[in-house]
Amino acid sequence: MDPTDKILPVVLCGGSGTRLWPLSRKSLPKQFVPLVGSKSLMQLTLERLAFINKSICCVASDEHRFFVQEAMLGAGVTGTEILEPIGRNTTAAMTCAALAADADSLLLFAPSDHHVPDAALFAQTVRKGVPAALDGYIVTFGVVPTFPSTAYGYIQPGTPIEATEGRQVARFVEKPPADVAQQLVLEGGHLWNAGIFLAQAKVLLDAVRLHAPDILEACDRAMAAAKADGSFLRLDRAAFEACRSESIDFAVLEKHDRVAVVPFAGAWSDVGSWNAVAGLHPADGDGNRISGKGLAVNSTNTFVHSQGRTVVALGTRDLVIVDTQDALLVADVGCVEAVKDVVARLTKEGHTEATEHRRVARPWGAYDSVDGGSRFQVKRLTVKPGAKLSLQMHHHRSEHWIVVSGMAQVTNGEREFMLDTNESTFIKPGHTHRLINPGVIDLVMIEVQSGEYLGEDDIVRIEDIYKRV
């Protein structure tokens, strides 16, 4: 039997991706944003792991569960989603996944937001790590460096492990300054720490028990009181909130004596900055790269990303330009690591654009806040085929619905009826209402809200297939 047949991939879906603001925000982190063609890094990760096993466990935030579900559907994989009520870093996430698995299972832990274009080589490299993992090691995969990066940690391989292709880890090096990074690469023998691990569930749990027993105890309580809901497994909030937050590197790996490393010689990126995103796109003769509707004229080393409007860079040099519906970033290529600090400042000053998109994803589709002012708001709703909004009512606002394309099945008070393109309905405050897309194409509607209060918390859900009541 192929040893990879025994492997259960576990995707770690946490992280807010603030370095990729304004495209990536807390409400829609980078792993769920289409960054490579029309696909998200999450979907590409699932497609890559499907080379190993099409049954995949995902550990994700409860608020992102439908993004994960949609990516799994797009990648053609199935599996369980372990839902965290709050982020508690990689040690807790990996521990909960190990507690949910059979003790002898080989678990492959992979971040959801990395880009590895050669899936076959990745699977082949994972296969090389199996003997060491079965021998009781926690195996990490180190990427052969292509330049002296200060954004990644490094691993120094040590003594070869008998009858395996792995080596014991001699030491971990935290993200180094530029001169140290250059020295490590020139010396050779060091690998980038990719944050991808292979271990038997029982081996990982024994290591956590030895080095971080408090985290294991909290996770054990959270799993014992977890509630199953279809493919979702919701961790107990009180127990998990009490868990200490620490990365697996600090909590376990740097203290453990049975950690192995296997080199990966393929292309890899953690897509941790706009410079890394730019690197995913081909450059012209002047080093310019374009994603979406952009144009670089008489410019050098400029990256333009635009989702909607045409953005022209004229006579620019060494710039990153990222345009979204409600925010624009213009940065020198040498300053992109500081984007997270800008997000922190915007958040502190109360700018909603720091964390929220104008376009908000929902399990039934999405809405885009097109316009708004005192006592009115205009939204464009896109409802997926077969999807339905909750049966709900509002105390303080009325709504006008106009069908732009597709067909709508509407509940408005006591009436149920169909609306075709260019037809509309008016919903009074206090009336129960629901919208369903019975068709096979997206339903697009304009919703005009008016009233004394238009907040999203003025929604009384009466019935909801997504269990948000």
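Residues numbered from 1 in each chain as written. Predicted model: local features only at pLDDT ≥ 70, side-chain atom pairs only at ≥ 80, totals over all residues. Heavy atoms only, no water.

A. A look at the pairing of strand β22 (residues 397-405). Bridge count between β22 and strand β27 (residues 443-451): 8 bridges; the pairing is antiparallel. Looking at the pairing, S398 lines up with S450 of β27. For β22 and strand β25 (residues 424-427), the ladder comprises 4 bridges, and the chain directions are antiparallel. Its bridge partner being in β25, E399 is matched across the sheet by I427. (Pairing = 2+ DSSP bridges. Helix = DSSP H or I, 4+ residues; strand = E, 2+ residues; numbered from the N terminus.)

B. Region of interest: the pairing of strand β23 (residues 408-412). For β23, the tally of buried residues reaches 4 of 5 residues, placing the bulk of the element in the interior. Both β23 and strand β24 (residues 415-419) contribute to a ladder of 5 bridges, which runs antiparallel. Following the sheet pairing, N412 is matched in β24 by R415. What sits between the antiparallel neighbours β23 and β24 is a turn of 2 residues, in which G413 has the positive phi angle 65°. Relative to strand β26 (residues 433-436), β23 is paired through 4 bridges, and the arrangement is antiparallel. Bridge pairing links Q409 to I436 in β26. (Buried < 20%, exposed > 50% of the residue type's maximum accessible area, 1.4 Å probe, protein only.)

C. Broad picture of the side chain of N193. Within the secondary structure, N193 sits in strand β10 (residues 191-200). Among the polar contacts listed, one links the side chain of N193 to the backbone nitrogen of G195, at a separation of 3.1 Å. At 3.0 Å, the side chain of N193 and the side chain of D249 are in polar contact. Residues in contact with N193, not counting those within four places in the same chain, are T140, G153, Y154, I155, F172, D249 and W268. (Polar contact = N/O pair within 3.5 Å; in protein donor to acceptor, adjacent residues only side chain to side chain. Contact = heavy atoms within 4.5 Å.)

D. Examining the packing of aromatic side chains more closely. Inspection of the entire model under this criterion finds 8 aromatic pairs. A ring pair is formed by W192 and W268, whose centres lie 6.1 Å apart and whose planes are at 45°; its orientation type is tilted. Of this pair, W192 sits in strand β10 while W268 sits in the loop between β13 (259-264) and α10 (274-278), placing them 76 residues apart in sequence. Neither residue differs from the other here; W192 and W268 are each classed as buried. One aromatic cluster in this structure is built from F147, Y152, W192 and W268. Note that R48 overlies the ring of F122, its terminal NZ or CZ placed 5.0 Å from the centroid. (Phe/Tyr/Trp six-rings, centres within 6.5 Å; stacked < 30°, edge-to-face > 60°. Lys NZ or Arg CZ within 6 Å of the ring centre and 35° of its normal.)

E. Quick peek at the environment of V203. Counting through the fold element by element, V203 comes out in helix α6 (residues 201-211). The class for V203 is buried, based on a relative accessible area of 12%. Residue contacts for V203: discarding those within four places in its chain leaves G136, Y137 and I138.

F. Expanded view of the sheet that holds β25. Read from one edge to the other, the open sheet built from 6 strands follows the order β18-β19-β20-β27-β22-β25, with strand pairing classed as antiparallel. The two strands at the open ends of the sheet, each matched to only one other strand, are β18 (359-362) and β25. Neighbour to neighbour, the strand axes of the sheet diverge by 20° on average, direction disregarded. (Axes fitted to C-alpha atoms, helices over the stretch in contact; angles between N-to-C directions.)

G. Focus on the sheet that holds strand β14 (residues 289-297). Spatial strand order, β14-β15-β16-β17: 4 strands in an open sheet with mixed pairing. If you trace the sheet from one side to the other, it starts and ends with β14 and β17 (328-332), each paired once. Averaged over neighbouring strand pairs, the angle between their axes works out to 20° when direction is ignored.

H. Broad picture of the pattern of salt bridges. On inspection of all chains with the given rule, the structure shows 23 salt bridges. As a salt-bridge pair, R19 and E337 come within 3.3 Å of each other at their nearest N and O atoms. Of the two residues, R19 sits in the loop between β1 (7-12) and β2 (34-36) while E337 sits in the loop between β17 and α11 (339-348), which places them 318 residues apart along the sequence. R19 sits in the partly exposed class, given a relative accessible area of 27%. Residue classification places E337 among the partly exposed positions, given a relative accessible area of 38%. Its salt-bridge partner being R209, residue D206 comes within 2.8 Å of it at the nearest N-O pair. Of the two residues, D206 and R209 are both situated in helix α6; the distance of 3 residues between them amounts to about one turn of the helix. (Salt bridge = Lys/Arg side-chain N within 4 Å of Asp/Glu carboxyl O.)

I. View of the environment of I82. You can see I82 is positioned in strand β5 (residues 81-84). It is 6.3 Å that separates the C-alpha atoms of I82 and A60, two residues lying 22 residues apart in sequence.

J. Examining a nonpolar patch on the surface more closely. Taken together, the side chains of L295, V312 and L314 make up a nonpolar region of the molecular surface, amounting to roughly 300 Å² of accessible area. Topologically, L314 is positioned in strand β15 (residues 303-314). (Patch = residues over 30% accessible without salt bridge, like charges linked within 9 Å, V, L, I, M, F, W, Y side chains within 5 Å. Areas by Shrake-Rupley, 256 points an atom, 1.4 Å probe, with all protein chains shown as cover.)

K. Representation of the environment of I215 within the structure. Along the polypeptide, I215 turns up in helix α7 (residues 213-224). Counting along the chain gives 120 residues from I215 to T95, while the straight-line C-alpha distance between them is 8.2 Å. Setting aside its immediate chain neighbours within four residues, I215 contacts T91, A92, T95, C243 and R244.

L. Layout of unusual backbone geometry. Here the amide bond leading from W21 into P22 is cis, since omega sits at 10°, within 30 degrees of zero. Relative to the helices and strands, P22 is located in the loop between β1 and β2. A positive phi angle, near 65°, is found at A163, a position not held by glycine. Here A163 lies in the loop between β8 (154-160) and β9 (167-173). Positive phi is not limited to glycine here, since D318 has a value of about 55°. Tracing the backbone through its elements, the reader meets D318 in the loop between β15 and β16 (319-323).

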